[in-house]
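Structural features, examined
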There are 10 protein chains.
Amino acid sequence: MLFHVTMDVAIPRDLAPEVRADLVARERAYCQDLQKQGTWVHIWRVVGRYSNVSVFDVGSSDELHDILWNLPLFPFMTIAVTALCPHPSAL
Amino acid sequence: MLFHVTMDVAIPRDLAPEVRADLVARERAYCQDLQKQGTWVHIWRVVGRYSNVSVFDVGSSDELHDILWNLPLFPFMTIAVTALCPHPSAL
Amino acid sequence: MLFHVTMDVAIPRDLAPEVRADLVARERAYCQDLQKQGTWVHIWRVVGRYSNVSVFDVGSSDELHDILWNLPLFPFMTIAVTALCPHPSAL
Amino acid sequence: MLFHVTMDVAIPRDLAPEVRADLVARERAYCQDLQKQGTWVHIWRVVGRYSNVSVFDVGSSDELHDILWNLPLFPFMTIAVTALCPHPSAL
Amino acid sequence: MLFHVTMDVAIPRDLAPEVRADLVARERAYCQDLQKQGTWVHIWRVVGRYSNVSVFDVGSSDELHDILWNLPLFPFMTIAVTALCPHPSAL
Amino acid sequence: MLFHVTMDVAIPRDLAPEVRADLVARERAYCQDLQKQGTWVHIWRVVGRYSNVSVFDVGSSDELHDILWNLPLFPFMTIAVTALCPHPSAL
Amino acid sequence: MLFHVTMDVAIPRDLAPEVRADLVARERAYCQDLQKQGTWVHIWRVVGRYSNVSVFDVGSSDELHDILWNLPLFPFMTIAVTALCPHPSAL
Amino acid sequence: MLFHVTMDVAIPRDLAPEVRADLVARERAYCQDLQKQGTWVHIWRVVGRYSNVSVFDVGSSDELHDILWNLPLFPFMTIAVTALCPHPSAL
Amino acid sequence: MLFHVTMDVAIPRDLAPEVRADLVARERAYCQDLQKQGTWVHIWRVVGRYSNVSVFDVGSSDELHDILWNLPLFPFMTIAVTALCPHPSAL
Amino acid sequence: MLFHVTMDVAIPRDLAPEVRADLVARERAYCQDLQKQGTWVHIWRVVGRYSNVSVFDVGSSDELHDILWNLPLFPFMTIAVTALCPHPSAL
């Protein structure tokens, strides 16, 4: 089941640089693991913003919440979730 | 080059049923042609709304405008365009 | 899987009274069928508005879209869908 | 009498971890007590957000205010209250 | 129990003048009856708008909904309801 | 002349507790003085929020500004003022 | 006492031209009468819009409401009223 | 003096096709005349919308208002005007 | 040429009192100088807010920007500028 | 390919003055280099705000993202990007 998720990131300026670097590295690894598993099916950067647009394929909305809640950058993100379904014109 | 496009459709109630049916059929054919050409790369229905979320892969923003402007349902759509680019964590 | 759905209804003034009455009756029957099946688990009226707040328990977001799209009053509703999951403090 | 309440939580980053842990534990106990009393009838997590959607069954709006005002996390919440009533189609 | 209610009125231009006059007269009578009963405790006009700000004293939110739903001008109003309670500084 | 005033209060977390207590006590005394003088004619708490809805009866808008500007909690309030006048249906 | 008023005008397209011309002429005369009386102290056009920004000097908010309610174009205006008072830096 | 102007066009569906065609042709001629005079210095289409972003170079804001007010499509446009000035980093 | 300007002031709580007092005094002197020169033609306080509504008469939009940019409180203001022109009904 | 970009700048008050001066100088040099290359084709200041409106001519949306992401003031900017295309009435 597909969900459209936008994530706007705002890391506080006063976060220690090594903490920030560690968070960003863990976020990347976490994201790539989920891509390999086929769960995080798309991720694009929004031009000019520290934001992404993503599509997830999950077994349930609970599974999606667990994934998002455990994003290393979750405390610094504003997230919006939209449920998707197949479009009748899609090939 | 990728663009994220949302289309909210509101066909007027007083449109003649055969005009409506013709428009919807032409919209579908138009959409499927562009999918076959690899231009309209994703289209999903938004759950509970007469709306879609799409991703287009075009050579320029001008090409995207021509595609959208010629959608059979264009006069009855509210369209929002967001430029995308590759995400550094994308595999 | 649970979804929170709000429906704001705006039936056009110029709809023939018998068409309106038929739609409202069919909406009611449709809603009560889904309640009996355990799919439409809650429906409340919002005080002072022609709106409801509902909770659906469905097997997938696609199933939810089919239900909403086929609401007899769908053409006259503005619908907002929010994915829910169990709260860790819920008993 | 039923009220729909949404709570968006934003605990400041600089709150001491033990203060935060204590607040969260007290919030949970407070919430579960009210569930046992039949006052806090539903609580769901919103997918992807530190937010909940709840329904309260109270004797008066004053009682609801006392409950909300005394939430341990009240100072860090944005709360929206909507009065509900039975829907004519509810079984 | 007190509720703060704002009502913005927009009567369609094409309503027959005698229908309009009848509706407005019935709205007035309905409002004054509820004032005499002590239910509609305040009604003020908003300067420069066809709107009012009102306060109702009702036994329950269901009672409030019944009152508002049966306003003769209800189909032409946008209504917002806010639950109130006594302020600790009120004398 | 009547004005409808909403006040949303947000006292900073880092205000010294005794400063906060003093401000709140002075706010209360200030409010009750104006109630006794017949100027601050209504004050209600908004359910679930640190906000009030008030009605003032003043000789001029200048007088209202002086009152609001000198509220002890003014620096921590967001205030919205709406001019009211008698409603033709008010008894 | 001063009030800042913005008026956005939207005359329906299907209003008979002579009705429209009559309304606009009466609006102008009404406005100029109030300017001569010193009540409508400023009126400016907003560049690029069928809107004005005005300042009224009235004895009370009730007087202002009567003036606005009786504007010939009132049914086709969206009006916003803001109470003003002397600025301490004004000469 | 430069002004940034956005124009969103919404021509009513029921406008006679020949009236529409005439308006659009006159709009184009009007626009091109002003370009030739060096007044309408830029006009771009917004991708996916019946909207433009323009920059005008005029002697005064009054002159700009006259230009916009006399656009053949003015009755069907929503216009927003922003005053610009030279940027200190501009070459 | 006239411009309508609103200024909302939010001086940070942690600004040293003498810095604040100096800024406010310089703002006042700056404002009064411009009033004497006939440039800052109106300034009113908005009732209940630390905001003003002003009208400037300047030779160009560049001149207006220079004036606003150099306001002593500029770093703590949110400013909105609207171009005005004479209203055809103004005497 | 053209993009319309607005940048609202908010440099934190507590940034060391020499860091701020360095950032602003580097922003200026960066901007002027891109102007010389024909990439940053327009930049205007918005009157009364620390904001600019710009137009970029780039080979792709990816190139635009790289440019914006590397702006020295990027961490302190809110950026909005709108894709443009030639207007049919442009000469």
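Residues numbered from 1 in each chain as written. Chains lettered and ligands numbered in written order. Predicted model: local features only at pLDDT ≥ 70, side-chain atom pairs only at ≥ 80, totals over all residues. Heavy atoms only, no water.

To keep things clear, this is the line we draw: UniProt positions are given in the numbering used here, feature names are shortened, and annotations may be inferred rather than shown by experiment.
Chain A is annotated in an unreviewed UniProt entry as Muconolactone Delta-isomerase of Pseudonocardia dioxanivorans. Quoted verbatim from the Catalytic activity (unreviewed entry) field of UniProt, the annotation for chain A is "(S)-muconolactone = (4,5-dihydro-5-oxofuran-2-yl)-acetate". The Pathway (unreviewed entry) field of the UniProt record for chain A holds the comment "Aromatic compound metabolism; beta-ketoadipate pathway; 5-oxo-4,5-dihydro-2-furylacetate from catechol: step 3/3."

Points about the overall build of chain A
What counts, and what does not: Working definition: helices are DSSP H or I runs of at least four residues, strands are E runs of at least two. Numbering for both runs from the N terminus. Relative accessible area decides the class of each residue, using a 1.4 Å probe on protein chains only: under 20% of the type maximum gives buried, over 50% gives exposed, and in between gives partly exposed. The contact criterion used is simple: two residues touch if any of their non-hydrogen atoms lie within 4.5 Å. Note on areas: Shrake-Rupley with a 1.4 Å probe; residue coverage comes only from the protein chains shown. Only four residue types enter the tally: Lys and Arg on the positive side, Asp and Glu on the negative side; His and the chain ends are excluded. Every charge is mapped onto a representative atom, which is NZ of Lys, CZ of Arg, CG of Asp or CD of Glu.
Along its length, chain A carries 2 helices and 4 strands. Seen in sequence order, chain A has helices and strands lined up from the N terminus as β-α-β-β-α-β. In chain A, buried positions account for 53% of the 91 residues. Taking as baseline every contact in chain A between residues at least 6 positions apart, the subset at least 24 positions apart corresponds to 65%. On chain A, roughly 3,900 Å² of surface is accessible, and the fraction owed to carbon and sulfur atoms is 53%. Counting 7 positive and 10 negative side-chain charges, chain A places the averaged centre of each group 11 Å from the other.

Some remarks on the pattern of salt bridges
Note the cut-off: A pairing counts as a salt bridge when a side-chain nitrogen of Lys or Arg comes within 4 Å of a carboxyl oxygen of Asp or Glu.
Within this structure, the stated rule accounts for 20 salt bridges over all chains. The closest approach of N and O atoms between R13 of chain H and D14 of chain B, which form a salt bridge, is 2.9 Å. With one member in each of two chains, R13 of chain H in the loop between β1 (2-9) and α1 (17-36) and D14 of chain B in the loop between β1 (2-9) and α1 (17-36) form a pair that bridges those chains. Given the relative accessible area of 59%, D14 of chain B is considered exposed.

Remarks on the sheet that holds strand β1 (residues 2-9) of chain I
Threshold: Strand pairing is assigned whenever DSSP identifies at least 2 bridges connecting the two strands. Axis definition: a line fitted to C-alpha atoms, limited for helices to the stretch in contact. Angles are taken between N-to-C directions and run from 0 to 180 degrees.
Spatial ordering of the closed barrel is given by β1(G)-β3(G)-β2(G)-β4(I)-β1(I)-β3(I)-β2(I)-β4(G), a layout of 8 strands whose pairing is antiparallel. Each adjacent strand pair in this sheet contributes to an overall mean axis angle of 35°, direction not counted. Here strand β2 (residues 40-46) of chain I runs beside strand β3 (residues 51-57) of chain I; their pairing, made up of 5 bridges, is antiparallel. Looking across to β3 of chain I, one finds that W44 of chain I is bridged to V53 of chain I. Relative to β2 of chain I, helix α1 (residues 17-36) of chain I is tilted by about 135°, and along the sheet it contacts β2 and β4 (77-86) of chain I. Taken strand by strand, helix α2 (residues 61-69) of chain I contacts β1, β3 and β4 of chain I, and its axis lies near 20° from that of β1 of chain I.

Quick look at the state of the cysteines
This is how it is decided: Cysteine sulfurs are considered disulfide-paired once they come within 2.5 Å of each other.
With the rule as written, the count across this model stands at 0 disulfides over all chains. Among the cysteines around C31 of chain C, which has no disulfide bond, C85 of chain D carries the closest sulfur, lying 14 Å off. Under the relative-accessibility criterion, C31 of chain C is labelled buried at 2%.

A few points about the pairing of strand β1 (residues 2-9) of chain D
Of the pairings in the sheet, the one linking β1 of chain D to strand β3 (residues 51-57) of chain D comprises 7 bridges and is antiparallel in character. Across the sheet, the residue bridging to D8 of chain D is S51 of chain D, located in β3 of chain D.

Quick notes on helix α2 (residues 61-69) of chain G
The criterion, for reference: Throughout, the arc means that of the directions going from the helix axis to the C-beta atoms.
What α2 of chain G keeps buried is the set S61, L64, H65, I67 and L68 of chain G. Looking down the long axis of α2 of chain G, one finds its buried residues gathered within 165° of arc, a one-sided arrangement.

Overview of the relation of the copies chain E and chain C
Each of the two copies of the chain can be brought onto the other by a rotation about an axis and a shift along it. To keep things clear, this is the line we draw: We superpose the copies by least squares over the C-alpha atoms of residues that have a pLDDT of at least 70 in both of them.
You can overlay chain E on chain C at an RMSD of 0.0 Å; the transform is a turn of 72° with a shift of 0.0 Å along its axis. In symmetry terms, the pair is related by a five-fold rotation axis. Looking at the rotation axis and the C-alpha trace of chain E, the residue lying nearest is D14 of chain E, at 9.5 Å.

A short note on the arrangement of the chains
Chain I makes no contact with chain E, the minimum C-alpha separation between the two being 15 Å. The two units chain C and chain J never meet; even their closest C-alpha atoms stay 26 Å apart.

Some remarks on the interface of chain B and chain A
Heads up, the rule is: Summed over both partners, the accessible area lost on bringing two parts together, with a 1.4 Å probe, is the buried area. The definition of a polar contact used here is a pair of N or O atoms within 3.5 Å, where within protein one atom must be able to donate a hydrogen and the other to accept one, and adjacent residues in sequence count solely through side-chain atom pairs. Side-chain classes follow a simple rule in which Ala, Val, Leu, Ile, Met, Phe, Trp, Tyr, Cys and Pro form the nonpolar group, Asp, Glu, Lys and Arg form the charged group, and the remainder, Gly included, forms the polar group.
Facing the 26 residues of chain B at the interface are 26 residues of chain A. Between chain B and chain A, a total of about 2,400 Å² is buried, with carbon and sulfur atoms accounting for 67% of that surface. Taken together, the links from chain B to chain A amount to 0 salt bridges. At the boundary of chain B with chain A, the tally comes to 14 residue pairs in polar contact (both at pLDDT 80 or more). Those elements giving two or more residues to the side of chain B that touches chain A turn out to be β1, α1, β2 (40-46), β3 (51-57) and β4 (77-86) of chain B. Here the residues of the side of chain B that touches chain A are counted per class, giving 15 nonpolar, 8 polar and 3 charged. Pairing between strand β4 (residues 77-86) of chain A and β2 of chain B: 3 bridges, direction antiparallel. Note on β2 of chain B: the bridge partner recorded for P86 of chain A is W44 of chain B.

Focus: the relation of the copies chain B and chain A
Between chain B and chain A, the superposition needs a rotation of 180° and an axial shift of 0.0 Å, giving an RMSD of 0.0 Å. In the structure described here, the two chain copies are related by an operation that fits a two-fold rotation axis. Looking at chain B, 100% of its interface residues are interface residues in chain A too, so the copies touch through the same face.

Comments concerning the interface of chain E and chain C
Counting from both sides, the interface comprises 14 residues of chain E and, opposite them, 7 residues of chain C. Counting every contact that joins chain E to chain C gives 1 salt bridge. When residues of the side of chain E that touches chain C are traced back to their parent elements, those giving at least two are α2 (61-69) and β4 (77-86) of chain E. Sorting elements by how many residues they give to the side of chain E that touches chain C places α2 of chain E first, with 5 residues. Looking at the side of chain E that touches chain C residue by residue, the classes come out as 10 nonpolar, 3 polar and 1 charged.

Looking at the side chain of S51 of chain C
All names here are of chain C. Examined against the element boundaries, S51 turns out to sit in strand β3 (residues 51-57). For S51, a relative accessible area of 4% corresponds to the buried category. In terms of polar contacts, S51 uses its side chain to reach the side chain of D8, at 2.6 Å. With near-sequence residues (within four places) excluded, S51 lies in contact with M7, D8, W44, R45 and V46.

Some words on the UniProt feature "domain: Muconolactone isomerase" (unreviewed entry) in chain A
The UniProt record marks residues 1-89 of chain A with the feature "domain: Muconolactone isomerase" (unreviewed entry), using the residue numbering of this structure. Split by type, residues 1-89 of chain A is 33% helix and 36% strand. Its first and last C-alpha atoms lie 18 Å apart.

Regarding the layout of surface pockets
Convention followed: Of the two site types, the cavity is a set of points on a 1 Å grid over the protein atoms alone where a 1.4 Å probe fits but cannot get out, and the pocket is an open set with protein on both sides within 12 Å along at least five of seven lines, each lined by residues with an atom within 4 Å of a point. Grid points are joined across faces, edges and corners, and a volume is the space filled by probe spheres set on the points.
Quantified by volume, the largest pocket comes out at close to 1,400 Å³. Together, 46 residues line the largest pocket, and V9, A10, I11, F76 and M77 of chain H are the ones closest to its centre. Looking at the lining of the largest pocket, the elements with two or more residues in it are β4 of chain B, β1 (2-9), α1 (17-36) and β4 (77-86) of chain G together with β1, α1 and β4 (77-86) of chain H. Residues belonging to the lining of the largest pocket are distributed by class as follows: 30 nonpolar, 8 polar and 8 charged.

Some words on the packing of aromatic side chains
The geometry of an aromatic ring pair comes down to the distance between the two centres and the angle between the two planes. Spelled out, the test is: Any pair of Phe, Tyr and Trp rings, taking the six-membered ring for Trp, is counted once the centres come within 6.5 Å. Such a pair is stacked with planes under 30 degrees apart, edge-to-face with planes over 60 apart, and tilted for the rest.
Following the criterion strictly, the structure yields 30 aromatic pairs over all chains and no others. Taking the centre distance of 5.0 Å and the plane angle of 45° together, the rings of W69 of chain E and F74 of chain E count as tilted. Considering the side-chain rings of W40 of chain F and F56 of chain F, the 4.6 Å spacing of their centres and the 40° angle between planes classify their relative orientation as tilted. Remark: F56 of chain F occurs in strand β3 (residues 51-57) and W40 of chain F occurs in strand β2 (residues 40-46); sequence separation between them is 16 residues. Of the two residues examined, W40 of chain F and F56 of chain F, each falls in the buried class. Aromatic ring contacts, followed pair by pair, group Y50 of chain A together with W69 and F74 of chain J into a single cluster.

Re the environment of N52 of chain G
Positionally, N52 of chain G belongs in strand β3 (residues 51-57). Sequence-wise, N52 of chain G and I79 of chain G are 27 residues apart; in three dimensions their C-alpha atoms are separated by 9.9 Å. With near-sequence residues (within four places) excluded, N52 of chain G lies in contact with V5, T6, M7, I43, W44, R45 and V46 of chain G together with H87 of chain I.

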